Amino acid sequence: MATAVWSALADPSRRAILDRLLHGPRPVGDLARECGLSQPGASKHLRVLREAGLVDVRRDAQRRLYAIRPAPMAELDAWLAPYRRLWNARLDALGDRLDAQATDDRKGDPS
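Keep in mind that this is a model prediction, so the values were computed, not measured.

Enquirer: How should I be thinking about the nonpolar core in this particular structure?
Expert: Grouped burial of nonpolar side chains is what soluble globular proteins tend to show. Ranked by size, the top nonpolar core spans 19 residues in total, and within it Ile17, Leu46, Leu49, Leu54 and Tyr66 carry the most contacts. Elements that contribute at least two residues to this core include exactly helix 1 (3-9), helix 2 (12-21), helix 3 (28-35) and helix 4 (39-51). Discounting residues that sit within four places of it in the chain, Leu46 has contacts with Ile17, Val28, Leu31, Val55 and Tyr66.

In structure tokens:
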């Protein structure tokens, strides 16, 4: 996993931009407005995302449309998978323990 991807995702504004791009390609002006950024600020964030390989840009007449590149997201998901399994196993164990405790509490309840 490239360090540039992690660095790009570390910024909340860039994550907000990616959230907006989940709904499809968007021009920089829309992204700036929806994320509460200036257009130059949004452009700088988009450049970082583009350089990290997380977004693509294409021209559409006078404007540029930005879209998520799925491949780096798939790599990120694959890298996170073992950690997700670890946490799911731990949460399942916690749920089992809480269920067992609730059962024990009901057995000891005199009502």
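Having seen the structure, we can now continue with the description.
Enquirer: Which parts of the structure should I look at to understand the sheet that holds strand 1 (residues 26-27)?
Expert: Backbone hydrogen bonds hold the strands of a sheet together, and the pairing may be parallel or antiparallel. Reading across the sheet, the three strands line up as 1-3-2 and stay open at both edges, with antiparallel pairing between neighbours. Of all the strands in the sheet, just strand 1 and strand 2 (55-60) have a single pairing partner and so form its edges. Inspection of the sheet shows strand 1 paired to strand 3 (residues 63-68) by two bridges, in the antiparallel sense. Pairing of Pro27 across the sheet is with Leu65, part of strand 3. Taken strand by strand, helix 2 contacts strand 1, strand 2 and strand 3, and its axis lies near 90 degrees from that of strand 3.

Enquirer: In this structure, what is going on with the pairing of strand 3? I would like to understand it.
Expert: Within a regular strand, the side chains alternate between the two sheet faces. In terms of strand pairing, strand 2 meets strand 3 through six bridges, oriented antiparallel. Its bridge partner being in strand 3, Asp60 is matched across the sheet by Arg63. Linkage of strand 2 to strand 3, two consecutive antiparallel strands, is achieved through a turn of two residues, within which Ala61 is found at a positive phi near 60 degrees.

Enquirer: Before we go on, may I ask you to explain a positive patch on the surface in this structure?
Expert: Positive charge collects at one region of the surface, where Lys44, Arg47, Arg50, Arg59 and Arg64 lie side by side. Looking at the positive patch, the element that brings in the most residues is helix 4, giving three residues. Inspection of the secondary structure assignment puts Lys44 in helix 4. Residue classification places Lys44 among the exposed residues on the basis of a relative accessible area of 53%.

Enquirer: Got a minute to help me understand unusual backbone geometry in this structure?
Expert: Both trends apply: most residues other than glycine have a negative phi, and most peptide bonds are in trans. Of note in this structure, Ala61 is not a glycine but carries a positive phi near 60 degrees. With a relative accessible area of 71%, Ala61 lands in the exposed category.

Enquirer: Please clarify how the packing of helix 2 against helix 3 should be interpreted in this entry.
Expert: Helix-helix packing: each pair is described by the crossing angle between the helix axes and the interaxial distance. Packing of helix 2 against helix 3 leaves a shortest axis separation of 10 Å and a crossing angle of 120 degrees. Overall, the two elements helix 2 and helix 3 adopt an arrangement that is oblique. Helix 3 is crossed by helix 2, and the crossing has right-handed handedness. Of the residues in helix 3, those touching helix 2 at Ala16, Ile17, Arg20 and Leu21 are Leu31, Glu34 and Cys35. Partitioning the contact of helix 2 with helix 3 into residue classes produces five nonpolar, no polar and two charged.

Cut-offs applied
Residues numbered from 1 in each chain as written. Predicted model: local features only at pLDDT ≥ 70, side-chain atom pairs only at ≥ 80, totals over all residues. Heavy atoms only, no water. Core = buried A, V, L, I, M, F, W, Y, C linked by side-chain atoms within 4.5 Å. Buried < 20%, exposed > 50% of the residue type's maximum accessible area, 1.4 Å probe, protein only. Helix = DSSP H or I, 4+ residues; strand = E, 2+ residues; numbered from the N terminus. Contact = heavy atoms within 4.5 Å. Pairing = 2+ DSSP bridges. Axes fitted to C-alpha atoms, helices over the stretch in contact; angles between N-to-C directions. Patch = residues over 30% accessible without salt bridge, like charges linked within 9 Å, V, L, I, M, F, W, Y side chains within 5 Å. Areas by Shrake-Rupley, 256 points an atom, 1.4 Å probe, with all protein chains shown as cover. Salt bridge = Lys/Arg side-chain N within 4 Å of Asp/Glu carboxyl O. Lys, Arg positive; Asp, Glu negative; His and termini not counted. Charge placed at Lys NZ, Arg CZ, Asp CG, Glu CD. Parallel < 35°, antiparallel > 145°, perpendicular 65-115°, else oblique. Left-handed = near helix turned anticlockwise from the far one by under 90°. Nonpolar A, V, L, I, M, F, W, Y, C, P; charged D, E, K, R; others polar.

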